[in-house]
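A look at the structure
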Amino acid sequence: MLNEPELTSRRRPHLVRTEPSIVAENENLASGANLFRNRLLDRIRDRSMTQQANDPTLERLMQAAQTGDARAYECLLSDVIPRLRRMIQSQRRFLGPAEIEDILQDVLISMHSVRATYDPQRPFMPWLLAIARNRLADGGRKWARRAANEVLVDEVPVTFADDRANSEQERQFDSEGLRKAMSDLPPRQREAVEMLKLREMSLNEAAAESGMSVGSLKVAVHRGIAALRKALVKDQ
Amino acid sequence: MNTATQKVMGRLIDTLTPVKRLPSPSLRAAAWLALGIPYVALVVLVMSPRSNLAAKLSDAHFMIEQIAALITGLTAAVAAFATIIPGYDRRIAWLPFAPLAVWLASLGEGCLQILTADGFRNFASDWFCLPAIILVGTVPAVTMAVMLRRGAPLTPKITTALGGLAAAGLGNFGLRLFHPQDSSLMVLVWQMGSVLLLTLLCGMAGRLLLRWRLMNSNDRAA
């Protein structure tokens, strides 16, 4: 989907070759008219969104949210999220649903971080749309950077085809040897390695579950990893 | 609703705390000036005011330039504080250009008189101006940066350039109270040049100083 504009631009020279002047001129006119129409539609949609939302409830909800009222904030977010999603979708038609949700989340987090700047005497929607437009522009720049610097591939090669390279990889990921080395670890070290390295828990979560202190968890995981390394190197 | 967006929404609601609403840009600019003026007065006292200050206070040309410098600083501060409030008309960024034009016109007129009379004969280097403006403008600039970081970085470069202009304008206002340099040509090149250079540098530092304070990915996912 991301490659579509590129494909279109690659096909264009072929069309130009068949009927150079007329096709190119028509294309330019058509794309110019489309661009103008889209911008006009976006502007009308933007304005109607602001007018629809000129409902004092949003102002009151935001004012309450500024005082720490979580219930009002929840109502406010539930109300604005669909509107913001529609706005982002209409202005970034070339983005996929996941990217639209990413931008939407950025807008929500940005709004949250600058909620102190909202003045209840002023309408809420222009305030929110100013943040949304800014984050959309940032998102567009990020997308353009990514499109310019990243190459999309269907499948990332897992390893090299060369046998020597594979033998090195396989030796490092000898799962049977690792399982045996894990079972030989003292219980506390095994528990620490399992929680912090295999289940990827945070130190605080692991401390809460195991009853060990954060300090002893750090020591146990350090000793456990050292013991595993020693055991695996010895096996090789 | 998308699950990730729902999680973010939940996280935002969970981390909601009461916030102190930002006062209006003009009130914030007044507060900034109220903090900056005593510091400028202190620097002028420490550096010892120029000997002919009393006489200069009755000089119309000097007073126009000083008032224009002060109003440029104040309006630049108002504009800087307005650009960090979402929903404000961005044309407010042009606000300091009117007093700046008066300031430049007053200096320009003096320059023309000097150039037609003596040419560049009285022109010399005066490197004292740049560090002196920085010295007088430091506290106002730091205060401005701290105050700007509480807002939304919608136009970081423009905002910091306006903040820099405010601090440098105030710095120049203070400088002329202890630095006995009144030749319009010298003031235009060295003092106004320093003000514009500092404004430019502050504008370039915009994206470093002002960024969205967003949650990290762990916070989002939590």
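Since we're looking at a predicted model, the values are computed, not measured. (Residues numbered from 1 in each chain as written. Chains lettered and ligands numbered in written order. Predicted model: local features only at pLDDT ≥ 70, side-chain atom pairs only at ≥ 80, totals over all residues. Heavy atoms only, no water.)

Each helix and strand counted, chain B has ten helices and zero strands in total. Split into buried and exposed, the 222 residues of chain B put 47% on the buried side. Across chain B, contacts joining residues at least 24 apart in sequence account for 89% of those joining residues at least 6 apart. For chain B, the computed accessible surface area is about 10,800 Å², with 69% contributed by carbon and sulfur atoms. (Helix = DSSP H or I, 4+ residues; strand = E, 2+ residues; numbered from the N terminus. Buried < 20%, exposed > 50% of the residue type's maximum accessible area, 1.4 Å probe, protein only. Contact = heavy atoms within 4.5 Å. Areas by Shrake-Rupley, 256 points an atom, 1.4 Å probe, with all protein chains shown as cover.)

Here we take up the overall build of chain A. Scanning chain A from terminus to terminus reveals eleven helices and zero strands. Taken from the N to the C terminus, the helices and strands of chain A come in the order α-α-α-α-α-α-α-α-α-α-α. Out of the 236 residues in chain A, the part that is buried amounts to 33%. Looking at chain A alone, contacts between residues at least 24 apart form 61% of all its contacts between residues at least 6 apart. Approximately 15,400 Å² of chain A is accessible, and the part contributed by carbon and sulfur atoms is 53%.

What follows concerns a nonpolar patch on the surface. Residue and element names in this part refer to chain B. Nonpolar side chains collect at one region of the surface, where Leu42, Val46, Met47, Phe128 and Leu135 lie side by side and expose about 450 Å² of accessible area between them. At three residues, helix H2 (residues 25-47) tops the list of elements feeding residues into the nonpolar patch. Relative to the assigned elements, Leu135 resides in helix H6 (residues 129-148). (Patch = residues over 30% accessible without salt bridge, like charges linked within 9 Å, V, L, I, M, F, W, Y side chains within 5 Å. Salt bridge = Lys/Arg side-chain N within 4 Å of Asp/Glu carboxyl O.)

Moving on: the interface of chain B and chain A. In this assembly, 32 residues from chain B lie in contact with 38 residues from chain A. The contact between chain B and chain A buries some 3,000 Å² in all, and 64% of this surface belongs to carbon and sulfur atoms. When residues of chain B are sorted by the area they lose upon contact with chain A, Leu16, Arg21 and Trp212 of chain B head the list and together hold 22% of the total. On the surface where chain B and chain A come into contact, there are zero salt bridges. For the pair chain B and chain A, the number of links is ten residue pairs in polar contact (both at pLDDT 80 or more). Looking at the side of chain B that touches chain A residue by residue, the classes come out as 20 nonpolar, six polar and six charged. (Buried area = accessible area lost by both parts, 1.4 Å probe. Polar contact = N/O pair within 3.5 Å; in protein donor to acceptor, adjacent residues only side chain to side chain. Nonpolar A, V, L, I, M, F, W, Y, C, P; charged D, E, K, R; others polar.)

This paragraph deals with a positive patch on the surface. Residues and elements named next belong to chain B. Where like charges cluster on the molecular surface, the positive patch consists of Lys20, Arg149, Arg150, Arg211 and Arg213. Relative to the assigned elements, Arg211 resides in the loop between helix H9 (206-209) and helix H10 (217-221). By relative accessible area, which is 56% here, Arg211 ends up exposed. (Lys, Arg positive; Asp, Glu negative; His and termini not counted. Charge placed at Lys NZ, Arg CZ, Asp CG, Glu CD.)

The next thing to look at is the packing of helix H4 (residues 60-83) of chain B against helix H7 (residues 156-178) of chain B. Residue and element names in this part refer to chain B. The interhelical angle for the contact between H4 and H7, taken along N-to-C directions, is 155°, at an axis separation of 8 Å. With respect to their mutual orientation, H4 and H7 come out roughly antiparallel. Handedness of the H4/H7 crossing: left-handed. Each of Phe62, Glu65, Gln66, Ala69, Leu70, Thr72, Gly73, Ala76, Ala77, Ala79, Ala80 and Thr83 in H4 lies in contact with H7, whose residues at this interface are Thr159, Leu162, Gly163, Leu165, Ala166, Gly169, Leu170, Asn172, Phe173, Arg176 and Leu177. (Axes fitted to C-alpha atoms, helices over the stretch in contact; angles between N-to-C directions. Parallel < 35°, antiparallel > 145°, perpendicular 65-115°, else oblique. Left-handed = near helix turned anticlockwise from the far one by under 90°.)

This next bit is on the packing of H2 of chain B against H4 of chain B. Residue and element names in this part refer to chain B. Contact geometry for H2 and H4: axes closest at 8 Å, N-to-C directions at 130°. Classified by the angle their axes make, H2 and H4 are oblique. Read as a crossing pair, H2 and H4 show a hand that is right-handed. Contacts between H2 and H4 involve Pro25, Ser26, Arg28, Ala29, Trp32, Leu33 and Ile37 from the first element and Leu70, Gly73, Leu74, Ala77, Val78, Phe81 and Ala82 from the second. Residues belonging to the contact of H2 with H4 are distributed by class as follows: eleven nonpolar, two polar and one charged.

Under the counting rule described, the total for this entry stands at ten salt bridges over all chains. Between Arg141 of chain A and Asp138 of chain A there is a salt bridge, with its nearest N and O atoms 2.5 Å apart. On the criterion of helical spacing, the pair formed by Arg141 of chain A and Asp138 of chain A is a turn pair, its members being three residues apart in helix H6 (residues 124-149). Two residues, Arg176 of chain B and Glu65 of chain B, come together in a salt bridge whose shortest N-O distance is 2.4 Å. In this pair, Arg176 of chain B sits in helix H7 while Glu65 of chain B sits in helix H4, placing the two residues 111 residues apart along the sequence. Residue classification places Arg176 of chain B among the buried positions, given a relative accessible area of 2%. It is possible to trace a salt-bridge network through shared partners that takes in Arg135, Asp138 and Arg141 of chain A.

Tallying each qualifying case throughout the model produces four aromatic pairs over all chains. Pairing Tyr118 of chain A with Phe124 of chain A gives two aromatic rings, centres 5.6 Å apart and planes at 75°, and the pair type is edge-to-face. On the basis of an interplanar angle of 65° and a centroid distance of 5.4 Å, the ring pair of Tyr118 of chain A and Trp127 of chain A is categorised as edge-to-face. The pair formed by Tyr118 of chain A and Trp127 of chain A is uniform in burial state, with each residue classed as buried. Each member of the aromatic cluster is reached from another via a ring pair, and the members are Tyr118, Phe124 and Trp127 of chain A. The ring of Tyr88 of chain B carries the charged tip of Arg122 of chain A above its face, separated from the ring centre by 4.2 Å. (Phe/Tyr/Trp six-rings, centres within 6.5 Å; stacked < 30°, edge-to-face > 60°. Lys NZ or Arg CZ within 6 Å of the ring centre and 35° of its normal.)

Before going further, it helps to examine the nonpolar core. The biggest cluster of nonpolar side chains holds 45 residues, and the ones touching the most others in it are Trp32, Ala77, Phe81, Trp103, Met144, Leu148 and Phe178 of chain B. Residue assignment for this core shows that the elements contributing at least two residues are H2, H4, helix H5 (97-118), H6, H7 and helix H8 (184-204) of chain B. Membership of the second largest hydrophobic core comes to 40 residues, among which are Met87, Ile100 and Ala132 of chain A together with Trp212 of chain B. (Core = buried A, V, L, I, M, F, W, Y, C linked by side-chain atoms within 4.5 Å.)

For the rest of this paragraph, the subject is the environment of Met62 of chain A. All names here are of chain A. You can see Met62 is positioned in helix H3 (residues 56-66). The spatial distance from the C-alpha of Met62 to the C-alpha of Tyr118 is 8.0 Å, given a sequence separation of 56 residues. The contact partners of Met62, leaving out residues within four places of it in the chain, are Leu76, Arg115, Tyr118, Phe124 and Trp127.

Turning our attention to the environment of Ala98 of chain B. Within the secondary structure, Ala98 of chain B is located in helix H5. Each C-alpha atom of the pair Ala98 of chain B and Ala68 of chain B lies 9.1 Å from the other, and the pair is 30 residues apart in sequence.

Geometry only, nothing functional implied.
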